[in-house]
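Coordinate analysis (summary)
Residue strings, one per chain:
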Amino acid sequence: MKEKEVVVIGAGIIGLCSAYFLNKKGFNVTVIDNTDGSGNCSYGNAGFISPSHIIPLASPGIINQGIRWMTRSDSPFFIKPKLNSDLISWGLKFRKAATKKRVAAAVPLLNDLLMSSRTLTEQLLKEEDIDAGFNDKGIIVFCKTQQALDEETTIAERTIKLGQKTEILSAEQARALNPELDLDVLGGVWYREDANLTPHIFIEKFIDVLKQKGVTIKYNQEVSKITSNDDKNIDSIIVNGEKVVADEYVLAAGSWTRDLLKQLDIQLPLQGGKGYSFVLPNPKANLNTCAILHEARVAVTPMLHGLRFAGTMEINGLDLTLNKKRIDGIIRSITKYFPQYTKEDFKDIEPWAGLRPCSPDGLPYIGRTKGYKNLLIATGHAMLGVSLSVITGKLIAQLASNEVPEIDLTLLEVDRYN
Ligand SMILES: Cc1cc2nc3c(=O)[nH]c(=O)nc-3n(C[C@H](O)[C@H](O)[C@H](O)COP(=O)(O)OP(=O)(O)OC[C@H]3O[C@@H](n4cnc5c(N)ncnc54)[C@H](O)[C@@H]3O)c2cc1C
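Calculation notes
- Along every chain, residues carry numbers that run from 1 in the direction the sequence is written.
- Local features in this predicted model are restricted to residues of pLDDT 70 or higher, and side-chain atom pairs are both shown and tallied only at a pLDDT of 80 or more, whereas totals for entire chains, interfaces and linings draw on every residue.
- As a convention, hydrogens and water are excluded, and side-chain values are obtained from all of the structure's heavy atoms.
- Strands here are runs of E lasting at least two residues and helices are runs of H or I lasting at least four, both read from the DSSP assignment and numbered beginning at the N terminus.
- Note that the radius of gyration is over C-alpha atoms, with the globule rule given as 2.2 Å times the number of residues to the power 0.38.
- In this scheme, a residue with accessible area under 20% of its type's maximum is buried, one over 50% is exposed, and one in between is partly exposed, where area comes from a 1.4 Å probe on protein chains only.
- It only takes one pair of heavy atoms within 4.5 Å for two residues to be counted as in contact.
- Charge counting follows a simple rule: Lys and Arg are positive, Asp and Glu are negative, and His as well as the terminal groups are ignored.
- Every charge is mapped to an atom, namely NZ of Lys, CZ of Arg, CG of Asp or CD of Glu.
- For helices, the fitted line uses only the C-alpha atoms of the stretch in contact; every axis is such a line through C-alpha atoms, and the angle between N-to-C directions lies from 0 to 180 degrees.
- In this scheme, roughly parallel covers angles under 35 degrees and roughly antiparallel covers those over 145, while 65 to 115 is roughly perpendicular and the rest are oblique.
- The crossing is said to be left-handed when, going from far helix to near helix, the turn is anticlockwise and less than a right angle, and right-handed when the turn is clockwise.
- Note on residue categories: nonpolar means Ala, Val, Leu, Ile, Met, Phe, Trp, Tyr, Cys or Pro, charged means Asp, Glu, Lys or Arg, and polar means any other residue, Gly included.
- If DSSP finds at least two bridges between two strands, the strands pair.
- Working definition: residue near molecule or strand if any one of its non-hydrogen atoms lies within 4 Å of it.
- Polar contacts here mean pairs of N or O atoms no more than 3.5 Å apart (in protein, one a potential hydrogen donor and the other a potential acceptor; neighbouring residues in sequence count only if both atoms are side-chain atoms).
- Accessible surface area values rest on a Shrake-Rupley calculation with a 1.4 Å probe, where residue burial reflects the displayed protein chains alone.
- In this entry, domain limits derive from an automatic or database-based domain assignment.

The next thing to look at is the overall build of the chain. On a plain count of helices and strands, the chain comes out with 10 helices and 20 strands. Scaling as 2.2 N^0.38, a compact globule of 418 residues should have a C-alpha radius of gyration of about 22 Å, and the chain matches this with 21 Å. In terms of its C-alpha atoms, the chain occupies a principal-axis envelope of roughly 65 × 45 × 45 Å. Across the 418 residues in the chain, those meeting the buried criterion constitute 58%. Taking all contacts inside the chain whose residues are at least 6 apart in sequence as the whole, residues at least 24 apart take part in 77%. Side chains of the chain carry 49 positive and 49 negative charges; the gap between the two charge centres is 5 Å.

Further remarks concern the side chain of R258. Within the secondary structure, R258 sits in helix α8 (residues 257-262). Under the relative-accessibility criterion, R258 is labelled buried at 13%. What R258 contacts, discounting residues up to four positions off in sequence, is D86, L268, L270 and Q271.

The next point concerns the packing of helix α1 (residues 13-24) against helix α10 (residues 389-400). Two packed helices can be described by the angle between their axes and the distance between those axes. One way to put it is that α1 packs onto α10 with a least axis distance of 7 Å and a crossing angle of 50°. One way to sum up the angle between α1 and α10 is to call them oblique. In this structure, α1 meets α10 at a crossing whose hand is right-handed. Here I13, I14, C17, S18, F21 and L22 of α1 lie close against α10, whose contacting residues are S389, V390, T392, G393, K394, I396, A397 and A400. When grouped by side-chain class, the residues that make up the contact of α1 with α10 number 9 nonpolar, 4 polar and 1 charged.

The next point concerns the sheet that holds strand β10 (residues 223-228). Within the open sheet, the 3 strands sit side by side as β10-β11-β12. Their pairing is antiparallel. Because the sheet does not close on itself, it has two edges, and the strands there are β10 and β12 (242-244). Strand-to-strand twist of the sheet, defined as the mean angle between neighbouring strand axes without regard to direction, takes the value 25°. Sheet topology places β10 next to strand β11 (residues 234-239); 5 bridges connect them, and they run antiparallel. When the sheet's bridge partners are listed, K225 is paired in β11 with I238.

Contacts to the ligand come from 35 residues, most closely from D33, N34, S42, A382 and S387. Within the backbone of C41, an N or O atom sits 3.1 Å from an oxygen atom of the ligand. N45 has a polar side-chain atom sitting 3.2 Å from an oxygen atom of the ligand. In isolation the ligand exposes 1000 Å². Once the protein is present, 97% of that is buried. If you list the elements that add at least two residues to the shell around the ligand, you get α1, β14 (271-280) and β18 (352-358). Top element by residues in the shell around the ligand is β18. It accounts for 3 residues. Taken together, the residues that form the shell around the ligand break down as 18 nonpolar, 14 polar and 3 charged. Composition of the shell around the ligand by domain shows at least three residues from each of domain 1 (5-42 + 201-268 + 361-412) and domain 2 (54-98 + 134-195 + 270-358).

Keep in mind that these numbers describe shape and distance, not what the molecule does.
This is the structure in structure tokens:
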């Protein structure tokens, strides 16, 4: 029997993981991307695989804190006020989702998804013999103030209740785990289930694996149109002006997914959440574990090619320009936690920006939409795209095979806002 053809739109980590599991299920898979693949959000991120991130971005704390941050030009979280109907509608939904009740409903689901993806990622790396600097020493959230330590302890207690290995650390204990660094902190929380990898090396090696398995990957090919028929089937897509036909289509175009779906009259609340990163190739003092600088919301990751710092969440459409003030804000905060570092140490950095695809409730969209029989959506992973990539790919392949997905996807339904 002829293999079913699947086209995956988007060669970010979500599209590639979907391709991997679809190929395993016996589909004939082609991945199409409108870039050379090296600039997308999946390349320059902090590389955390973090089961500890059980609290979605839309949570009660972020609303109060976010309002204070809005007035600062170097703050780590910012929503650009604009008269844009998509943005206004997204902001209202974000506010509505940021309640204790909604967060409480999301936490067990996120825990299941994150823990399952953590296990599957390690399995995939072993099975496919990919060395991407996988490090399972965990993430320490460093806190400078008692208020931050109390907030983080509340999250730590939730992860412990869910069965995760988590420890509250004194400043001395945090220093002992990272002896190269001078640390100016009050204490921290060590999330021991967390891990990290070097994302661009993972993607490059993963692409080789996919190609060897027979997946076709086409770069610099723009999907400009998706056409459907009265029968709620996607007929074809237009790629670089040419018609391409498949049995099934997976839309994993990151922050650009919303605009592609508008062609089908589908309104998907989604905003790009811009973040920055940069690398010190020869750090003067390195970390053993990953770190989060709590008050500054900066992620620090020891990677194969140096020490990466990443931060900010700027909701401002699809704008990828580098904002110097916010990048300087990240650098300033690093020097406060790590006094060995000065501004001078960062003078040669080459900042990178990426757009996290953000849904208003902080949960991804995984599934079919509006009854389209042969269209699957996989996006909205926000700060968890690496952490959730492998389970997302597996779920997409299960849905494409008409199997019951191994995790209940009700809260992730694509049409949950319609
Ligand atoms: C600073 C920063 C740090 C982060 N740190 C972490 C972390 O530590 N852990 C974690 O889990 N997540 C992290 N993230 C989030 C993570 O990087 C994203 O969630 C993830 O990369 C999203 O992957 P994606 O495949 O959905 O999108 P993308 O990587 O953006 O890929 C989508 C692809 O679709 C292509 N595309 C778009 N439109 C079209 C079209 N019309 N035709 C063809 N192709 C198209 C795009 O060019 C792109 O290549 C971070 C993000 C940032 C910005």
